[in-house]
Amino acid sequence: MLRGFTARLLLGVLAIHAVLLPLLFGGVLYLVERTYQDQFVDHVRSDAHLLAVLAGQVERRWLQGVMEELVLSGHVLFVRLVDASGRVVAAAGEQDGPFREDFFFGQHGDGVYHIELPLLGGEAGGRRLRLGYDEAPARAQIARAWRRGLGLAAAYVFLTVVLVAFWGRRMSRPLLRLRQASRSIARGRFDESLDVESSLAEIRSLAEDLDHMRRELVSQARHLEHLAMHDPLTGLPNRALFRDRLRQALQASRRRPAPFAVFIIDLDRFKEINDTLGHNTGDRLLQQVASRLAAQVRDADTVARLGGDEFALLLPSLGREHAPAVARKIVDALAVPCRVEGRVLEVGASVGVALHPEHGASASDLMRRADVAMYAAKRDGCGFALYDPDLDRHSLQQLTLTSELRRAIERGELVVHYQPQLDLARGRISGVEALVRWQHPEHGPIPPDDFIPAAEQTGLIAPLTEAVLAAAVRDCRAWREAGHPLRLAVNLSAYSLRGDGAFERLGAIIRAGGLPRGTLVLELTESALLGIPLRVMEKLAFFEHLGVPISIDDFGSGYSPLMYLKRLPVCELKIGKSFVMEMARDDSDAAIVRGVAGLAHTLGLTVVAEGVEDARTLEMVRALGCDTAQGYHVGRPMPAGELLSWLRDRAG
Amino acid sequence: MTVRRLVLVLCCLLATALLPASPQQGERRLVLAAGATTTVPPLTLGELRRAYLGMPVEKDGVRIVPLLNAGDPVLYQVFLQKIMFMSAPAYERRRLSGTLQGGGQRLREYETPGGLAAALLATPGAVTYMWAETVQATPGLREVQTLWRGRVE
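Reading the values: the criteria
Residues numbered from 1 in each chain as written. Chains lettered and ligands numbered in written order. Predicted model: local features only at pLDDT ≥ 70, side-chain atom pairs only at ≥ 80, totals over all residues. Heavy atoms only, no water. Helix = DSSP H or I, 4+ residues; strand = E, 2+ residues; numbered from the N terminus. Expected span 1.5 Å × (residues − 1). Buried < 20%, exposed > 50% of the residue type's maximum accessible area, 1.4 Å probe, protein only. Axes fitted to C-alpha atoms, helices over the stretch in contact; angles between N-to-C directions. Left-handed = near helix turned anticlockwise from the far one by under 90°. Contact = heavy atoms within 4.5 Å. Domains from an automatic or database assignment. Salt bridge = Lys/Arg side-chain N within 4 Å of Asp/Glu carboxyl O. Buried area = accessible area lost by both parts, 1.4 Å probe. Polar contact = N/O pair within 3.5 Å; in protein donor to acceptor, adjacent residues only side chain to side chain. Nonpolar A, V, L, I, M, F, W, Y, C, P; charged D, E, K, R; others polar. Pairing = 2+ DSSP bridges. Patch = residues over 30% accessible without salt bridge, like charges linked within 9 Å, V, L, I, M, F, W, Y side chains within 5 Å. Areas by Shrake-Rupley, 256 points an atom, 1.4 Å probe, with all protein chains shown as cover. Phe/Tyr/Trp six-rings, centres within 6.5 Å; stacked < 30°, edge-to-face > 60°.

**Some points on helix H7 (residues 279–296) of chain A**
Move 1: Between its terminal C-alpha atoms H7(A) stretches 26 Å, which fits the 26 Å expected from 18 residues at 1.5 Å a residue.
Move 2: When H7(A) is considered as a whole, its buried residues turn out to be A:Thr281, A:Gly282, A:Leu285, A:Leu286, A:Val289, A:Ala290, A:Arg292 and A:Leu293.

See below:
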């Protein structure tokens, strides 16, 4: 009840007045009372004195008349003239009670001021005059003064309470307005401006501060809303806003049927550019792509960045007849090389198109189907593709394959086969390459080319690589214990090196295997090297510390800078099958093999020739300077269990 | 008890009843006091009033110097009622106006009996009003005259 500002103010004022009012009004009334008493006493004393003087001058017969006149005046209740012995010789008026002289007002509480004076003058003769003055008129005056004073005090208190209540309410009104405003702000209603009028500078200042806070919140909310709905790099709507606009388009289409198209655009070589030239270049490229896309569409269209190098378009009123032309225009616009930081970068795009209403009635359906079409366009290299239900079936198969692969890794359905490698100088088997095989319980053996890309795209490559490495290291140690100190080569996907802790997990498997240094070799394809960011590549030295060198697989088939050979802990180059298998028919391939072998030896590296499928090729690679041969002519890939007997048979 | 003895007691009681009480019980006396060595003569009521209103009074070659005895409120009121015939505020106003108009010195006031007695002794012609018992109890003072006698209840 007393928590309100006005109530507290009233209470405070009343408390102050409870102390001050009695002091102030009590003091004033006391002085008034004393003044009235003094006036009365003064009047009595001077009156009695004059009468004593008069009585001393006149004859007794005259004195009796004066005494009676005095009593008739009303102020004097009685007069007695007494002689020196105390006997009353003349009297007027009625005397109640004994005569007790007063020296103060109300001294005896009998309502009469008794005073006795000797007669002054020649006729005195020791006589004394006793008078009784009525105190009632003075008391009435005093009582009236008290009543008026108390009335004034009550009126003062009443007016004070009214004024304080009025002032308190007037002062608390802006505070209430501030409270309402702050609650509105707390509820998220920032748009109501805060207009608080007050004569108090503190309240005005508080209102200004609150309004400033509100404006800041509005600004921050808008900024957050923009951040939540837009891509900070390109300023384009993000996935959330794109989906929202797509839903709006679908609702509008329900009210008034109209076709529209959804384009999903994925840049083709963006990842390579981003990894090799850095994120800054990649970001500038994305900004240019965004500008180009925005320039190709109408104002009513929506261009959004969904994430990474993926963009999307929402094109209202676009049907099947015009969608291909627009898609082509987009592809052509993005095919024009971009100039970023002084470099000319070619970045193509694959566009998938889904149309409403024929390809879907929901946002998620349309986006998924445009996505499927985009993957089809990317796979076929045709720039753009319109969604086709057949594409979806392929996607479904891919999805099924992925989930089964995950299960296969978990259940250990993947097996490792080993293909022998022949030391050409010594003519004996010096090592093996571990090759993963998937024996599907229903579909039979599935070739690596069918499931490795899927594993790389879905992130399953890391657990797959770790499973293969662990199994191969375990088998290699078993062979060594059986008296076959073979070297082991395991393929490493660039994707398996991504993610937190990838190096640590691989390192733990290698350490747990306990193989001698140099026994294990990790093979990275030349094209995989391009996919490894520079910062990750620098961490490859980690394997060198573990005694595990790197072998570059399919050397010569890609575009890797030779600088890598110097930077990386490379011990070996593997010449791709395409060169080795065609070597007998194509002299240039033979020259390449010779050149690679020469380069490798110059750098202190060994050379492995893959794809040796006949004796002639074997002799050629030996003659061209290769150190090791691998291929069906040397030995087919085989399970670990068969390898030992194969080695024994070969030795026998 | 013998008859002779009973008669004696009755005689004593009779004598006690018949003899006048002097002074009467509870009665007090207001007197004019001065230093014992001074020669201040008795003053009339008019002279005393004039002196205490700040007017110059000289009698028998003695210039009267009135001193205010302000230590006892009852005494002061008796003085005002019996000598000055006015109330305290009226007397103070009169004193003030008399001082301002006449150009004389303000009457000296004394709150303590010691200070008042010292002033009476030190000032030639100095007088003041006191209860008679106070004068009797204060060495060096003397009663000049009785101003009033009566009960103060």
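**Some remarks on the packing of H7(A) against helix H8 (residues 323–335) of chain A**
Residue and element names in this part refer to chain A.
Move 1: Viewed as axis vectors pointing N to C, H7 and H8 meet at an angle of 145°, and their least axial separation amounts to 10 Å. Of the two possible hands of crossing, H7 and H8 adopt the one that is right-handed. Contacts between H7 and H8 involve Val-289, Arg-292, Leu-293 and Gln-296 from the first element and Lys-329, Ile-330, Ala-333 and Leu-334 from the second.

**What to know about the domain arrangement of chain A**
Interface extent is often summarised as the accessible area lost during association of the parts.
Move 1: The domain architecture assigned to chain A consists of domain 1 (5–143), domain 2 (188–229), domain 3 (239–387) and domain 4 (415–651).
Move 2: Centre-to-centre separation of domain 1 of chain A and domain 4 of chain A, based on C-alpha positions: 135 Å.

**Concerning the pattern of salt bridges**
Close approach of charged atoms lets side chains of opposite charge pair.
Move 1: Using the criterion set out here, one finds 26 salt bridges over all chains in the structure.
Move 2: It is possible to trace a salt-bridge network through shared partners that takes in A:Glu433, A:Glu523, A:Lys574 and A:Glu610.

**Quick word on the interface of chain B and chain A**
Move 1: Of the residues lining the interface, 19 residues belong to chain B; the matching set on chain A comes to 19 residues.
Move 2: Carbon and sulfur atoms make up 56% of the surface buried where chain B meets chain A, a total of about 1,500 Å² over both sides.
Move 3: It is B:Gln81, B:Phe85 and B:Glu153 that lose the most area in chain B upon contact with chain A, and together they represent 44% of the buried surface on that side.
Move 4: For the pair chain B and chain A, the number of links is one salt bridge.
Move 5: We note a salt bridge from B:Lys82 to A:Glu101, for which the minimum N-O separation is 2.4 Å.
Move 6: There are twelve residue pairs in polar contact (both at pLDDT 80 or more) connecting chain B and chain A.
Move 7: No other element matches helix H3 (residues 73–84) of chain B, which puts seven residues into the side of chain B that touches chain A.
Move 8: Considered class by class, the residues forming the side of chain B that touches chain A number twelve nonpolar, three polar and four charged.

**A short note on the sheet that holds strand S11 (residues 384–386) of chain A**
Residues and elements named next belong to chain A.
Move 1: In spatial order, the strands read S6-S7-S5-S10-S11; together these five strands make up an open sheet with mixed pairing. Every interior strand has two partners, whereas the edge strands, strand S6 (302–307) and S11, have only one. The sheet shows a mean angle of 20° between the axes of neighbouring strands, direction not considered.
Move 2: Pairing geometry for strand S5 (residues 260–267) and strand S10 (residues 349–356), over eight bridges, is antiparallel.

**Here's the deal with a nonpolar patch on the surface**
Residue and element names in this part refer to chain A.
Move 1: A contiguous nonpolar surface patch, about 410 Å² in accessible area, is contributed by Ile-16, Val-19, Leu-20 and Leu-23.
Move 2: By secondary structure assignment, the location of Val-19 is in helix H1 (residues 5–57).
Move 3: Looking at Val-19, the relative accessible area reads 52%, which means it is exposed.

**Some details on the sheet that holds strand S1 (residues 76–82) of chain A**
Strand pairing in a sheet relies on backbone hydrogen bonds. The paired strands run either parallel or antiparallel.
Residues and elements named next belong to chain A.
Move 1: Taken in spatial order, the four strands of this open sheet run S2-S1-S4-S3, and their pairing is antiparallel. Either end of the sheet is taken by a strand with one partner, and the two such strands are strand S2 (88–93) and strand S3 (112–118). This sheet shows a mean twist of 15° between the axes of neighbouring strands, independent of strand direction.
Move 2: Alignment of S3 against strand S4 (residues 128–134), held across seven bridges, turns out to be antiparallel. What sits directly across from Leu-117, in S4, is Leu-129.

**Comments concerning the packing of aromatic side chains**
Residue and element names in this part refer to chain B.
Move 1: Scanning the model with the defined rule gives 15 aromatic pairs over all chains in all.
Move 2: Geometrically, the ring pair formed by Phe-79 and Tyr-91 is edge-to-face, given 6.1 Å between the ring centres and 80° between the ring planes. Here Tyr-91 lies in helix H4 (residues 88–102) and Phe-79 lies in helix H3, a separation of twelve residues in the sequence.
Move 3: With a relative accessible area of 0%, Tyr-91 lands in the buried category.
Move 4: A ring pair is formed by Phe-79 and Tyr-129, whose centres lie 3.8 Å apart and whose planes are at 10°; its orientation type is stacked. Linking Phe-79 in helix H3 with Tyr-129 in strand S6 (residues 126–131), this pair joins segments that are 50 residues apart in sequence. The pair Phe-79 / Tyr-129 is uniform in exposure class, with both members buried.
Move 5: Grouping aromatic residues by their ring pairs yields a cluster made of Tyr-52, Tyr-76, Phe-79, Tyr-91 and Tyr-129.

**Thoughts on the pairing of strand S12 (residues 414–423) of chain A**
Residue and element names in this part refer to chain A.
Move 1: Extensive coverage of S12 is indicated by the burial of nine of its ten residues.
Move 2: Here S12 runs beside strand S13 (residues 428–440); their pairing, made up of ten bridges, is antiparallel. Bridged to Val-415 within S13 is Arg-437.
Move 3: Where S12 folds back on S13, the antiparallel hairpin that results is connected by four residues, among which Gly-427 adopts a positive phi of roughly 70°.
Move 4: Strand direction decides the pairing type here: S12 and strand S21 (residues 638–639), joined by two bridges, are antiparallel. For His-417, the partnering residue across the bridge sits in S21 and is Pro-639.
Move 5: With three bridges joining them, S12 and strand S20 (residues 628–630) adopt antiparallel strand pairing. For Asp-423, the partnering residue across the bridge sits in S20 and is Thr-628.

**Brief notes about the side chain of A:Gln419**
All names here are of chain A.
Move 1: Mapped onto the elements, Gln-419 comes out in strand S12.
Move 2: Relative accessible area serves as the criterion here: at 9%, Gln-419 is assigned to the buried category.
Move 3: Polar contacts involving the side chain of Gln-419 include one to the side chain of Gln-630, which spans 3.0 Å.
Move 4: Those residues in contact with Gln-419, other than ones at most four positions away along the chain, are Gly-431, Val-432, Glu-433, Leu-435, Gln-630, Gly-631, Tyr-632, Gly-635, Arg-636 and Pro-637.

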